[in-house]
Amino acid sequence: MKADGQEVESRVQRHGGNRYGREILLDFSVNTNPLGMPDDIRAALKSALETPSFWEWYPDPDCGRLRQSLSVYHDIAREQIVCGNGASELIFVIVRSVLSEKREEKGARSGLRCLLPVPSFGEYERALLAAGAEIVYDRLKECAHFAPTEELADRITEETALLFLCSPGNPTGALIRPALLWKILERCERTGTYVLLDTCFLELAGEGGGREAFLAAPAAEGGTCTYRQILETYPHLILLKAFTKLYAMPGLRLGYCLCGTAGAAERIREQLSCWNVSATAQYAGLTALDSEKNADYIGQSVRMIREQRKLLENGLADLGIKALPGQANFICFYSNKSLYQPLLEKGILIRDCGSFRGMGEGWYRVAVKKQEENEKLLREMGIILKR
């Protein structure tokens, strides 16, 4: 594997949530909504599972009702929406689709250059490698809290087929500054570069940094605009979203993307297997979007995360640990003392960020959970650090 003309070591990708075969009491490695799955979704699923046709029929291969509901929710044409078996599946098929289109366009048989800021979610790199892409790494600087800077925009050229972005970033929790984001998108339109912008944590980012801020940023005279208007302005943009984090349903596997054009969406769908989204996942998504309690649930979640993130930040500071600034429902920090194994021995699972390219050993990520759980984590960390 090569990047920027140099050999780059391969890494074993690890993810949070692997609690199998372990006695886990508290899982801080997974960044789902601390309020858990809404009760109305649980009740609807339980009722649906008692209906024979729910099990005996194939699921809708086109996710028709779900895409229509998402169309209304996001004010975007149904033809521009693709649903997947979690956001992870879509990452792989989007990469294949974009590179296939670019190879046809350029008449190239070999891999095309894709720009990947690191550290970032490991599935981006895996998807690029699987598709035979040439990866150009943009190594984010610790002094900038591992957040994208103007240098990233300067690296985008006509040879760049695809750029990965994530806001809030994973594992850092950093939001891309709106002015920088729109500068990057403008440049990508000029160079014909596709942008896969992962916003799976966006709705859970509070303090003016969530969905509302994203929709307000490109408005010409203040106010807000819609996803449809953003995608019309930047047709090479693909927005990645998921029900997983927002509605705390990782076991159901439901993600989707909003594409700048119907043609881009159709090319992505062509890469998917039939019946890729289960009937259970589709029904859960429909229930979440149709529920009148949806807005209140999200509002409560954002307020809780804002309060509990502050508690965790203050608690970490009291322990002599400074966390990276961010607004996501998780916190990234550095510790001189090893924490992963000692906490695991106490039944507490956190995310060791050693497998994130560009970050290294000593960095950790913890989810923002309920107050009692957060206080338990801080107590146990305090005991370990005082040894």
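Above this text you will find the structure in question.
Along each chain, the written sequence defines residue order, and numbers are assigned to residues from 1. For this predicted model, a pLDDT threshold of at least 70 governs which residues receive local features, and a threshold of 80 or more governs which side-chain atom pairs are given and counted, while totals over whole chains, interfaces and linings are taken from all residues. Side-chain calculation: all heavy atoms of the structure are included, whereas hydrogens and water are not.

Asker: Please explain the overall build of the protein chain as it appears in this structure.
Answerer: Elements are defined by DSSP. Helices are runs of H or I of four residues or more, strands are runs of E of two residues or more, and each kind is numbered from the N terminus. Each helix and strand in the protein chain was counted, giving 15 helices and 14 strands. Note on method: radius of gyration uses C-alpha positions; expected globular size equals 2.2 Å times residues raised to 0.38. Taken over C-alpha atoms, the radius of gyration comes to 21 Å for the protein chain, in line with the 21 Å a tight globule of 387 residues would show. Per-residue burial for the protein chain yields a buried fraction of 56% across its 387 residues. A contact between two residues is defined here by any heavy atoms of the two lying within 4.5 Å. Expressed as a percentage of contacts within the protein chain between residues at least 6 apart in sequence, the contacts between residues at least 24 apart total 73%. For the accessible areas, the method is Shrake-Rupley and the probe is 1.4 Å, while residue cover comes only from the protein chains on display. About 17,300 Å² of surface is accessible on the protein chain, with carbon and sulfur atoms providing 48% of the total. Here the protein chain carries 48 positive and 50 negative side-chain charges, and the mean point of each set is 4 Å from the other. Remark: exposure states derive from per-residue accessible area (1.4 Å probe, protein chains only) relative to the maximum for the residue type, with buried under 20%, exposed over 50%, and partly exposed in between. Here the positive residues are Lys and Arg and the negative ones are Asp and Glu; neither His nor the chain ends is included. The location of each charge is read from NZ of Lys, CZ of Arg, CG of Asp or CD of Glu.

Asker: What exactly am I supposed to notice about unusual backbone geometry here?
Answerer: Excluding glycine, residues mostly have negative phi values, and the peptide bonds linking residues are mostly trans. Cis rather than trans, the peptide bond between valine 118 and proline 119 has omega equal to 10 degrees. By the secondary structure assignment, proline 119 is in the loop between strand 5 (113-118) and helix 5 (122-130). Backbone torsion omega between serine 167 and proline 168 reads -5 degrees, so that peptide bond is classified as cis. With respect to the helices and strands, the residue proline 168 is situated in the loop between strand 7 (160-166) and helix 7 (178-191). Positive phi, close to 50 degrees, is recorded for cysteine 63, a residue that is not glycine. With respect to the helices, strands and loops of the structure, cysteine 63 is situated in the loop between helix 2 (52-56) and helix 3 (64-74). The class for cysteine 63 is buried, based on a relative accessible area of 2%.

Asker: How should helix 5 be read in this particular structure?
Answerer: For an α-helix, 3.6 residues make a turn, and residues three or four places apart therefore share a direction. Taken residue by residue, helix 5 has Gly122, Glu123, Tyr124, Glu125, Ala127 and Leu128 as its buried positions. Where helix 5 is buried, its residues meet helix 4 (86-106), strand 5, strand 6 (134-139), strand 7 and strand 8 (194-198). Once helix 5 ends, the next one or two residues include glycine 132, with phi positive near 75 degrees.

Asker: I would appreciate a short explanation of the pattern of salt bridges in the present structure.
Answerer: Pairing between side chains of opposite charge can happen when their charged atoms approach one another. Salt bridge, as applied in this entry: a Lys or Arg side-chain nitrogen positioned within 4 Å of an Asp or Glu carboxyl oxygen. Within this structure, the stated rule accounts for 16 salt bridges. For the salt bridge of glutamate 123 with arginine 126, the shortest nitrogen-to-oxygen distance reads 2.9 Å. Taken together, the residues span about one helical turn, with glutamate 123 and arginine 126 both in helix 5 at a distance of three residues. The shortest N-O distance in the salt bridge between glutamate 151 and lysine 141 comes to 2.9 Å. Of the two residues, glutamate 151 is situated in helix 6 (residues 150-154) and lysine 141 in the loop between strand 6 and helix 6; the sequence distance between them amounts to 10 residues. Connected through shared salt-bridge partners, Asp75, Arg228 and Glu232 make up one network.

Asker: Would you take a moment to explain the pairing of strand 4 (residues 81-84) for this structure?
Answerer: Across a regular strand the side chains alternate sides, sitting on one face of the sheet and then on the other. Alternating residues of strand 4 divide into Ile81 and Cys83 and Val82 and Gly84, and every residue in both groups is buried. At least two bridges found by DSSP between two strands are what make those strands a pair. Bridge analysis of strand 4 against strand 10 (residues 255-259) gives four bridges, and the strand direction is antiparallel. Bridge pairing in strand 10 places cysteine 83 opposite tyrosine 256.

Asker: I tried to follow the sheet that holds strand 7 on my own but got confused; where do I start?
Answerer: Strands in a sheet are paired, the pairing made by backbone hydrogen bonds, and the direction either parallel or antiparallel. The sheet built from seven strands is open, its strands ordered 4-10-9-8-7-5-6 with mixed pairing. Unpaired on one side and paired on the other, strand 4 and strand 6 mark the two borders of the sheet. Shown here is a sheet whose adjacent strand axes are inclined to one another by a mean of 20 degrees, direction ignored. The pairing of strand 5 with strand 6 spans six bridges and is classified as parallel. Among the inter-strand pairings, arginine 113 is bridged to a residue of strand 6, identified as glutamate 134. Packing against the sheet, helix 7 makes contact with strand 7, strand 8 and strand 9 (237-242), and its axis sits at approximately 165 degrees to strand 7. Each axis is a line fitted through C-alpha atoms, taken for helices only over the stretch in contact, and angles between the N-to-C directions span 0 to 180 degrees.

Asker: Would you take a moment to explain the packing of aromatic side chains for this structure?
Answerer: Aromatic rings considered in pairs are described by the distance between their centres and by the relative angle of their planes. Between rings of Phe, Tyr and Trp, where Trp is taken as its six-membered ring, a pair exists when centres lie within 6.5 Å; planes separated by under 30 degrees are stacked, by over 60 edge-to-face, and by other angles tilted. The tally for this structure, following the rule as stated, stands at 13 aromatic pairs. For the pair phenylalanine 201 and phenylalanine 330, a centre-to-centre distance of 4.9 Å together with 70 degrees between the ring planes defines the contact as edge-to-face. Of this pair, phenylalanine 201 sits in the loop between strand 8 and helix 8 (211-216) while phenylalanine 330 sits in strand 11 (residues 330-334); the two residues are 129 residues apart in sequence, bridging distant segments of the chain. Judged by its relative accessible area of 5%, phenylalanine 201 falls in the buried class.

Asker: Any chance you could explain the pairing of strand 10 here in plain terms?
Answerer: With five of five residues buried, strand 10 lies mostly within the body of the structure. The two faces of strand 10 match: Gly255, Cys257 and Cys259 on one face and Tyr256 and Leu258 on the other face are all buried. Here five bridges tie strand 9 to strand 10, and the two strands are oriented antiparallel to one another. Of the residues in strand 10, the one forming a bridge with isoleucine 238 is cysteine 259.

Asker: When you look at the sheet that holds strand 11 in this model, what are you seeing that I'm missing?
Answerer: The three strands lie next to each other as 11-14-13, forming an open sheet whose pairing is antiparallel. Two strands bound the open sheet, and with one partner strand each, they are strand 11 and strand 13 (351-352). Across five bridges, the pairing between strand 11 and strand 14 (residues 363-367) is antiparallel. Counted as the bridge partner of tyrosine 334 is tryptophan 363 from strand 14. Where helix 13 (residues 294-318) meets the sheet, its contacts fall on strand 11 and strand 14, and the angle it forms with strand 11 comes to roughly 15 degrees.

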